[in-house]
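Each chain is listed here by its residues.
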Amino acid sequence: MDQLEPLAEIAHQTIVFPEGLTLDCGRSLARLAVAYRTYGTLDPVAGNAILICHALTGDQYVAETHPLTGRQGWWSSLVGPGLPIDTDRFFVICANVLGGCMGSTGPRTPHDDKPDEPWGHDFPPVTIRDMVRAQKKLVDHLGIRQLFAVIGGSMGGMQVLEWAATYPEAVFAAVPIATAAHHSAQNIAFNEVGRQAVFADPDWHGGEYWRQGATPARGLAVARMVAHITYLSEQALTRKFGRRLRDASSLTLLDDRFEVESYLQYQGSAFVRRFDANSYLSITRAMDFFDLAAEHGGELSRAFVGCRTRFCLVSFTSDWLFPTAASRNVVNALIRVAANVSFVEIVSDKGHDAFLLDEPDFHRTIAGFIAGCAEHRGLRARAIA
Amino acid sequence: MPDGTQRPPDGARDAARGMRVDLQLIAGLVTPGARVLDIGCGDGALIGHLFRTQGCDARGIELDMALVTRAVAHGLPVMQGDADTDLVHYPDQAFDYVVLSRTLQAVERPLEVLRQMLRISGRAIVSFPNFGHWYLRAQLLLKGRMPMTNSWNRMWYETPNIHPCTIQDFFDLCVAEGYVVEQWLALDDEGHRAPWRRFPQLANLFGEQGLFVLRRG
């Protein structure tokens, strides 16, 4: 792979909180920036806000052309005018997570003590709860006392659970999708393979690759390739690629390349053009650290005692990264405290990625749950008549 | 639509229209504003009705994922779950009513399900098809074969109804388990109230379904 330029600098819509943020690790950020996007219009009583939490490699560009890749927003099939998360009706917010690389404070933003340098590998370890606290500051800043809904898949789902546990009064409805209350040993193991690939890249330079004008692109690409396999099901890979060869109809045993290989290589190389290696490490660490039960004395249901939030959990049959059992574990914890829970397992052969794809039953579930919650909340059918 | 008008999700409205007659009877037994869990709620017609017409906090559990998806897509709080295994997770007295309509005969452990229902709720509303109905008795007596009716319409080897009982059997069970029968009715095959209220033996002969409201003694 060719040596790549460091990530392009882009001006993101950002709010800065000069008071900073105290992190779970005990360290403090002197200055906190949160980059975010909004869609739709906030109603006069600020009752129609939906916060979307993005996954590991997602960002705030949910429903618009991405400024770096030029591609459609990552959830543009679900979020937009007339779509299940209807921006004609709701005020939709999405913030880049703390530790991310799309404008929020993270390894690429200036170091508190050395403003001329980025944090880089010196960025303090952050948690899912730290990410949620940063989002809460944004939500407060926007004048929203209670979010109508918080919605997210995968790591975004972890944030949704953390929102409901940490700020139950601020969340009317919560939709954790294809997620878990903690990472399994298998989840951590896959993340560790990715991290080791980054560390093994000669361009890693102990995490100070930016000093050399380098980027550990090969390592990060391998990390992305491994992760990408975990996002797909065996059936989906077989359907998409089978054993087909690139530019050949049968094996010659010389320069053969399988379609699946070139697909993964493409995924890897595209990824390094939009993602920072130190951010990848920070965020995968945050996911591995996440254990909502441990935050509440080892009993997950205690995270939700007295919580009046309406929950809708969604899992997918072929998702082996965050399997249905992980969602059911959360469902059982919620019903132990008699919380209001809907739970649907969507039949799909697309693996973990299904939550990002066009799955009609999934979209109907989200639209229906939101409509039902709006009825309970007494929201008008259209916020803006 | 004028300002302030609340409009129920279309699907939920459709679900209430043409609700089964026995479900309408059950709804009539539930006090407004109550907390209700409907076990085996199907597409959620009862819980939708209870929320919209009686202001209940009504939720559902359903085994069949296709029905769960339809219910949630209609805006109803329903989760996929199994009466036999999932009631244990609920805390004591979390509900005012737990409803089990036409499902008791299909669960694996009816006694345990009833115990769990009356642990998590003040009252249990239970309906079941009555195996003591004269037509079933007659078929067994005259043909010597397992009866086939509208309610009992699958061959014995593929029916999900593995625990059939009669209205009188159910009275006996309530005595054995120390449950108080607060109300009971026999229903005809349309689900309408049948006039056998004062005579359990006649109800057992002519009632197509039994409907009971129980509490712990």
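Everything numeric here is computed off the predicted structure, so don't read it as measured data.

1. Examining the overall build of chain A
Helix and strand content of chain A: 9 helices and 12 strands. A compact globule built from 385 residues should have a C-alpha radius of gyration of about 21 Å, and chain A, at 21 Å, falls within 12% of that. Judged by the C-alpha coordinates and their principal axes, chain A covers about 65 × 55 × 45 Å. Evaluated residue by residue, chain A yields a buried proportion of 52% over its 385 residues.

2. Quick look at the domain arrangement of chain A
Note on interface size: it is often stated as the accessible area lost on association of the parts. All names here are of chain A. Parsing chain A into structural domains produces domain 1 (14–183 + 294–377) and domain 2 (188–284). Taken over C-alpha atoms, the centre of domain 1 sits 26 Å from the centre of domain 2. Each partner contributes residues to the interface: domain 1 has 25 residues there, and domain 2 has 20 residues. Partitioning the side of domain 1 that touches domain 2 into residue classes produces 10 nonpolar, 11 polar and 4 charged.

3. Thoughts on helix α3 (residues 185–200) of chain A
Side chains that are three or four residues apart share a direction in an α-helix, a result of its 3.6 residues per turn. All names here are of chain A. End to end, α3 covers 22 Å across 16 residues, agreeing with the expected 22 Å (1.5 Å per residue, within 8%). Of all the positions in α3, only Asn-191, Gly-194, Ala-197 and Val-198 are classed as buried. Summarising the axial view, the buried residues of α3 lie within an arc of 110°, below the 170-degree limit, and thus occupy one face. Pointing more than 90 degrees away from the buried face of α3 are the exposed residues Ala-185, Gln-186, Ala-189 and Ala-200.

4. Remarks on the confidence of the model for chain B
Taken residue by residue, chain B gives an average pLDDT of 89. The fraction at 70 or more is 92%. In the predicted complex, the global pTM is 0.92; the interface-specific ipTM is 0.87.

5. A closer look at the nonpolar core
Residue and element names in this part refer to chain A. Core analysis: the largest hydrophobic core is formed by 171 residues, its most contacted members being Ile-50, Leu-147 and Ala-149. The residue makeup of this core includes at least three contributed by each of domain 1 (14–183 + 294–377) and domain 2 (188–284). Residues within four places of Leu-147 in sequence aside, it is in contact with Ala-49, Ile-50, Leu-51, Val-139, Ala-170, Val-171 and Phe-172.

6. A short note on the interface of chain A and chain B
Contacts between the two partners involve 26 residues from chain A, matched on the other side by 25 residues from chain B. Those elements that provide at least two residues to the side of chain A that touches chain B are β11 (310–316), α8 (324–336), β12 (340–346) and α9 (360–377) of chain A. The greatest single-element share of the side of chain A that touches chain B, amounting to 8 residues, is contributed by α9(A). For the side of chain A that touches chain B, the class distribution of residues is 12 nonpolar, 7 polar and 7 charged.

7. A few points about the packing of α3(A) against helix α4 (residues 217–231) of chain A
All names here are of chain A. Relative to each other, α3 and α4 sit at 165°, their axes nearing to 7 Å. Classed by the angle they form, the pair α3 and α4 counts as roughly antiparallel. Read as a crossing pair, α3 and α4 show a hand that is right-handed. Taken together, the residues of α4 that come into contact with α3 (itself represented by Phe-190, Val-193, Gly-194, Arg-195, Ala-197, Val-198, Phe-199 and Ala-200) are Gly-219, Leu-220, Val-222, Ala-223, Val-226, Ala-227 and Thr-230. Taken together, the residues that form the contact of α3 with α4 break down as 11 nonpolar, 3 polar and 1 charged.

8. Re the pairing of strand β10 (residues 171–177) of chain A
All names here are of chain A. For β10, the tally of buried residues reaches 7 of 7 residues, placing the bulk of the element in the interior. Here 6 bridges tie strand β9 (residues 147–153) to β10, and the two strands are oriented parallel to one another. Paired with Val-150 across the bridge in β10 is Ala-174. Assessed by its sense of winding, the connection that carries the chain from β9 through helix α2 (residues 155–166) to β10 is right-handed. Relative to β11, β10 runs parallel, the two being bridged by 3 bridges. If you follow Ile-177 over to β11, its bridge partner there is Val-314.

9. Considerations on the pairing of strand β4 (residues 95–101) of chain B
Residues and elements named next belong to chain B. Of all the 7 residues making up β4, 6 are buried; the element is thus mostly covered by neighbouring parts of the structure. Here 4 bridges tie strand β1 (residues 35–39) to β4, and the two strands are oriented parallel to one another. The partner of Leu-37 across the bridge, within β4, is Val-98. Across 6 bridges, the pairing between β4 and strand β5 (residues 121–129) is parallel. Residue pairing across strands places Phe-95 opposite Ser-121, the latter belonging to β5. In this fold, β4 hands off to helix α6 (residues 110–120), which returns the chain to β5; that crossover is right-handed.

10. Some details on the packing of α3(A) against helix α7 (residues 277–289) of chain A
All names here are of chain A. Orientation of α3 relative to α7, taken along the N-to-C sense of each, is 160°, at an axis distance of 10 Å. Comparing their axes, α7 and α3 come out roughly antiparallel. Note on packing geometry: the crossing formed by α3 with α7 is left-handed. Counting all contacts with α3, which are made through Ile-188, Asn-191, Gly-194, Arg-195 and Val-198, the residues of α7 involved are Ala-277, Tyr-280, Leu-281, Thr-284, Met-287 and Asp-288.

Reading the values: rules and limits
- Residues numbered from 1 in each chain as written.
- Chains lettered and ligands numbered in written order.
- Predicted model: local features only at pLDDT ≥ 70, side-chain atom pairs only at ≥ 80, totals over all residues.
- Helix = DSSP H or I, 4+ residues; strand = E, 2+ residues; numbered from the N terminus.
- Rg over C-alpha atoms; globule rule 2.2 N^0.38 Å.
- Buried ≥ 20, exposed ≤ 12 C-beta atoms within 10 Å, placed from the backbone.
- Domains from an automatic or database assignment.
- Contact = placed C-beta atoms within 7 Å.
- Nonpolar A, V, L, I, M, F, W, Y, C, P; charged D, E, K, R; others polar.
- Expected span 1.5 Å × (residues − 1).
- Arc of directions from axis to C-beta.
- pLDDT = per-residue confidence, 0-100.
- Core = buried A, V, L, I, M, F, W, Y, C linked by C-beta atoms within 7 Å.
- Axes fitted to C-alpha atoms, helices over the stretch in contact; angles between N-to-C directions.
- Parallel < 35°, antiparallel > 145°, perpendicular 65-115°, else oblique.
- Left-handed = near helix turned anticlockwise from the far one by under 90°.
- Pairing = 2+ DSSP bridges.
- Right-handed = clockwise from strand over helix to strand, strands pointing away.

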